2 protein chains.
Amino acid sequence: MTTLLDVARKAGVSKSTVSNVVRGASIVADTTRRRVERAIRETGYHPNMIARALKARTSHAIAIVVPDLTNPFFGELVVSAERAASAMNYGLVAANTECLASLEMEAGRSLIARHIDGVIIAGMSRASRLPQMLLDRDIPVVLSSFGGVEDNRLGVVDHDDELAMESIVGHLCDLGHRRMAFVSPKLREHSGERRRTAFRTALKRRGLKAATREDVATAFIAHDDILALATIDRLERAGRRVPRDVSVVGYDDIPLAGHHRIGLTTVHSDAGLMGNRAVELLVDAARQARHVASRIVQPNPLIIRTTTAEARS
Amino acid sequence: MTTLLDVARKAGVSKSTVSNVVRGASIVADTTRRRVERAIRETGYHPNMIARALKARTSHAIAIVVPDLTNPFFGELVVSAERAASAMNYGLVAANTECLASLEMEAGRSLIARHIDGVIIAGMSRASRLPQMLLDRDIPVVLSSFGGVEDNRLGVVDHDDELAMESIVGHLCDLGHRRMAFVSPKLREHSGERRRTAFRTALKRRGLKAATREDVATAFIAHDDILALATIDRLERAGRRVPRDVSVVGYDDIPLAGHHRIGLTTVHSDAGLMGNRAVELLVDAARQARHVASRIVQPNPLIIRTTTAEARS
DNA sequence: CTGAAAGCGCTTACAG
DNA sequence: CTGAAAGCGCTTACAG
C-alpha cells in the first residue's frame with residue numbers, strides 16, 4: 001500500500017506538500033505540484049480516508065436509515081440520496097431497521113462508532129430514541145418523508161399527510177363512500193400513526209367514523225402502495241372485486257402503481273426530490289458543525305386511477 | 001467525546017488494559033475488568049472505529065454494489081446482506097452503479113480509499129474492470145446472483161441461468177410456442193448477455209431461432225421480473241392480451257410476481273439466501289486475508305402462474 | 001495480569 | 001511557498 005510518505009519521497013518533497021496538493025488546499029508552486037502529481041500517478045496512490053477521518057475529525061460519510069429497503073419507495077429514496085451524496089463527495093451507508101427499536105439502537109451505536117457526519121431517518125418506530133441519541137452527540141439528523149417529532153435540532157423534509165388524507169377522503173366521499181377503513185403497516189411506524197390520525201380527522205370533518213369491520217367497509221386507504229397492493233390481492237382472492245365492490249387507495253405512487261393491471265389511485269410522493277434535499281441540508285449542516293433545523297413540506301397530489309369508483313349502495 | 005484514555009484515567013488503569021477489556025481479548029483480572037466496565041458505563045464510552053480501523057488495518061465494513069436498488073430483488077439482496085453482516089459485526093455500505101462503467105470506477109475508488117474489507121458485486125456492466133481493480137488491491141470479492149467471469153480469485157454465489165432458460169423455453173415449447181423473443185435490460189448488464197445467450201442456446205437445441213420482430217412473437221422472456229411487468233404493461237396497452245394473445249415470463253420471482261392481478265410465470269431466485277452466503281464467504285475470506293475462490297450455484301425452479309398459456313394458431 | 005512505547009497514515013498550525 | 005513536528009484514538013508486541 002502506497003502512502004503519502006512514499007509519494008513524498010518519490011517527488012522529493014515533504015508529506016505536508018503532498019497533502020496540500022492532494023487536498024487542493026493552500027498554494028503550491030506549479031512545478032512542485034506537477035512533480036507531486038506525477039509521483040501520485042506513478043505510484044497509484046489513493047489517500048487513506050480512514051487516516052484522514054481520524055485526523056480531520058470527519059468521516060465524509062452520512063447514513064440513511066430506512067424501515068424496509070424492499071419497498072421501492074425507500075429504494076428510490078436511498079438511490080437519490082446516494083447520488084446526491086457522492087456528488088458532494090460523501091459516502092452513504094444504508095441501515096435497514098424494520099422499525100424495530102432494538103435494530104435502531106444497534107444502528108445508532110454503529111453509526112456513532114463510525115463517526116458518521118450526519119443521518120437521514122426515513123422511517124422509525126413510534127417513540128424511537130434514535131434521533132435524540134444522535135442529536136445528543138452533535139450528529140445532525142434530518143427526517144425524510146415523515147415528521148411530527150418535537151425537537152428543534154431536527155431537520156425535516158416532509159410531505160403533507162393531513163392534506164393528502166383530506167384529498168383522499170374527499171375523493172372517496174364524492175364517490176359516495178361512507179364506510180372507509182385504514183390499513184396500517186405491520187411495522188409499528190411513527191408515520192403510520194400520523195396517517196391514521198389524519199384519516200380520522202378527515203372523516204370527522206365530514207361527520208363520519210372509521211369502519212370497524214372490514215367486511216362492511218366500501219373503501220380501504222392503505223398506509224402505502226405496497227400495503228394497498230397486498231390489500232387488493234387479499235380482497236380479490238376473497239372474491240371481492242376492486243373497484244366494483246370496494247375501492248382501494250395507496251400512498252407513495254411507486255412506479256408499479258401506474259401499471260396497466262394495477263392502476264392504483266394513490267398520492268404522489270417525490271422520493272427522488274426528498275432524498276436530494278435531505279442530503280443537501282445534512283451535508284451543509286455537517287460542514288458547518290451545526291444541526292439542520294430547517295423544515296420543508298411538499299404537497300403530494302392525488303393521482304386518480306382505476307382502483308376507486310362509486311360506492312355500491 | 002470520551003476516549004480510551006478518559007476511561008483509563010477514570011478506572012485508574014492503562015490504555016492497554018481498557019483496550020483489552022473492550023475487545024474482550026487477552027486475560028484481564030476480574031476485579032480490574034469490573035472497574036473498567038463501570039468506567040465505560042459511567043462515561044458512555046463508544047470505541048472509535050476509525051482509530052481502530054487505522055491501527056488494526058481492517059475497517060470491519062464490507063460493500064455491496066448493485067445495478068438498481070429500486071428493483072425489489074436487489075433490495076432483498078441488500079437487506080439480507082446487511083442482516084448477515086451486522087450479525088458478524090460488520091457494517092455494510094451499498095453502492096448503486098446502474099451498470100455504468102464510470103460509476104463503477106468511482107465506487108471502486110471510494111471503496112478502496114475507505115479500506116473496505118471486501119465487496120459483493122450483484123451486477124455490473126459488461127467487461128467491467130471493477131473486480132480486477134479490487135482484487136489487485138487484495139480486496140476479496142464475490143459475485144452474487146450472477147457469474148461467468150474468468151478470475152479464479154473471485155468467489156461466486158450464482159444461480160443457473162442455463163438451466164433456468166432451458167426450463168422456461170421447454171415450458172413455452174410445450175405450450176406450442178415457436179416464435180419467442182428475449183427482452184433485454186436497458187442497463188448493459190453483464191448478466192443480461194448471459195441470459196440472452198442461454199435463451200438462444202435453449203432455442204437452438206430445439207431447432208428454433210429467436211423471433212426478430214416483436215409483433216410476430218407469441219412469447220416474451222424478460223431478463224427480470226421488473227422488465228416482464230413493463231412488457232405486460234406495454235403489450236396490453238397496445239391491445240394485446242396476456243396470456244391470451246401472447247405469453248410473458250419473468251426472472252427473479254419478486255413478491256409482486258405472485259400478486260393476484262399479475263400472476264407472473266417466472267423463475268424463482270432466492271435473494272435472501274444469496275445475500276447471506278455471499279456475506280459469509282466474504283467475511284471469512286477477509287478475516288483470513290485471502291480471496292474467496294469458492295463457487296456456489298443454486299438452481300432456480302420455474303414457477304408457472306398465469307401469464308403463460310397455449311400459443312394461438 | 002498490567003503498562004510504557006511505538007506507530008497506523010494522515011492533517012494542521014507554525015516557522016522559516 | 002515548503003517542511004518539521006505534534007497528534008487524532010486506537011492496537012500491539014514486549015517487558016516486567
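Residues numbered from 1 in each chain as written. Chains lettered and ligands numbered in written order. Predicted model: local features only at pLDDT ≥ 70, side-chain atom pairs only at ≥ 80, totals over all residues.

Chemist: What exactly am I supposed to notice about the domain arrangement of chain A here?
Modeler: Often, the extent of an interface is quoted as the loss of accessible area on bringing the components together. Domain annotation of chain A identifies domain 1 (4–47), domain 2 (58–159 + 271–298) and domain 3 (161–269). Computed over C-alpha atoms, the centres of domain 1 of chain A and domain 3 of chain A are 61 Å apart. (Domains from an automatic or database assignment.)

Chemist: Whenever I open this one, the environment of I304(B) confuses me. Can you help?
Modeler: Structurally, I304(B) can be placed in the segment after β11 (302–303). The contacts of I304(B), once residues within four sequence positions are left out, are H171(B) and T265(B). (Helix = DSSP H or I, 4+ residues; strand = E, 2+ residues; numbered from the N terminus. Contact = placed C-beta atoms within 7 Å.)

Chemist: What is the right way to look at the sheet that holds strand β8 (residues 247–249) of chain B in this model?
Modeler: Two orientations exist for strands paired in a sheet by backbone hydrogen bonds: parallel and antiparallel. Residues and elements named next belong to chain B. Strand order in the open sheet formed by three strands is β6-β7-β8, with parallel pairing between adjacent strands. Across the chains shown, the open sheet's two edge strands, defined by having one partner strand only, are β6 (180–183) and β8. Neighbour-to-neighbour, the strand axes of the sheet open up by a mean angle of 20°, direction not taken into account. Looking at chain direction, β6 and strand β7 (residues 219–222) are connected through four bridges and run parallel. Residue pairing in the sheet places M180 in a bridge with A219 of β7. (Pairing = 2+ DSSP bridges. Axes fitted to C-alpha atoms, helices over the stretch in contact; angles between N-to-C directions.)

Chemist: Could you clarify how one ought to interpret the sheet that holds strand β8 (residues 247–249) of chain A in this entry?
Modeler: Residues and elements named next belong to chain A. Taking strand neighbours across the sheet as the criterion, the three strands line up as β6-β7-β8 in an open arrangement whose pairing is parallel. A single partner strand is all that each edge strand has here, and the edge strands are β6 (180–183) and β8. Between one strand and the next, the sheet's axes are offset by a mean angle of 20°, whatever the strand orientation.

Chemist: Looking at this structure, I do not really get the protein's contact with DNA strand D. What am I missing?
Modeler: Taken together, 27 residues surround DNA strand D, and among them S14(A), I27(A), A29(A), T32(A) and L4(B) come closest. Taken together, the elements giving at least two residues each to the surface near DNA strand D come down to α2 (15–23) and α4 (49–56) of chain A together with α2 (15–23) and α4 (49–56) of chain B. Split by residue class, the surface near DNA strand D holds 12 nonpolar, nine polar and six charged. (Near = placed C-beta within 6 Å. Nonpolar A, V, L, I, M, F, W, Y, C, P; charged D, E, K, R; others polar.)

Chemist: Is there a simple way to explain the protein's contact with DNA strand C in this structure?
Modeler: Around DNA strand C, a shell composed of 27 residues is seen, among which L4(A), S14(B), I27(B), A29(B) and T32(B) lie nearest. Where the surface near DNA strand C is concerned, the elements lending two or more residues are α2 and α4 of chain A together with α2 and α4 of chain B. Residues of the surface near DNA strand C, tallied by class, amount to 12 nonpolar, nine polar and six charged.

Chemist: I would appreciate a short explanation of the relation of the copies chain B and chain A in the present structure.
Modeler: The two chain copies are connected by a rotation around an axis plus a translation along it. Overlaying chain B with chain A gives an RMSD of 0.0 Å, the required rotation being 180° about an axis along which the chain moves by 0.0 Å. Such values leave the two copies arranged in the relation of a two-fold axis. It is V93(B) whose C-alpha, among those of chain B, lies nearest the rotation axis, at 2.4 Å. Of all interface residues in chain B, 100% are interface residues in chain A too; the two copies therefore contact each other through one and the same surface. (Least-squares fit on C-alpha atoms with pLDDT ≥ 70 in both.)

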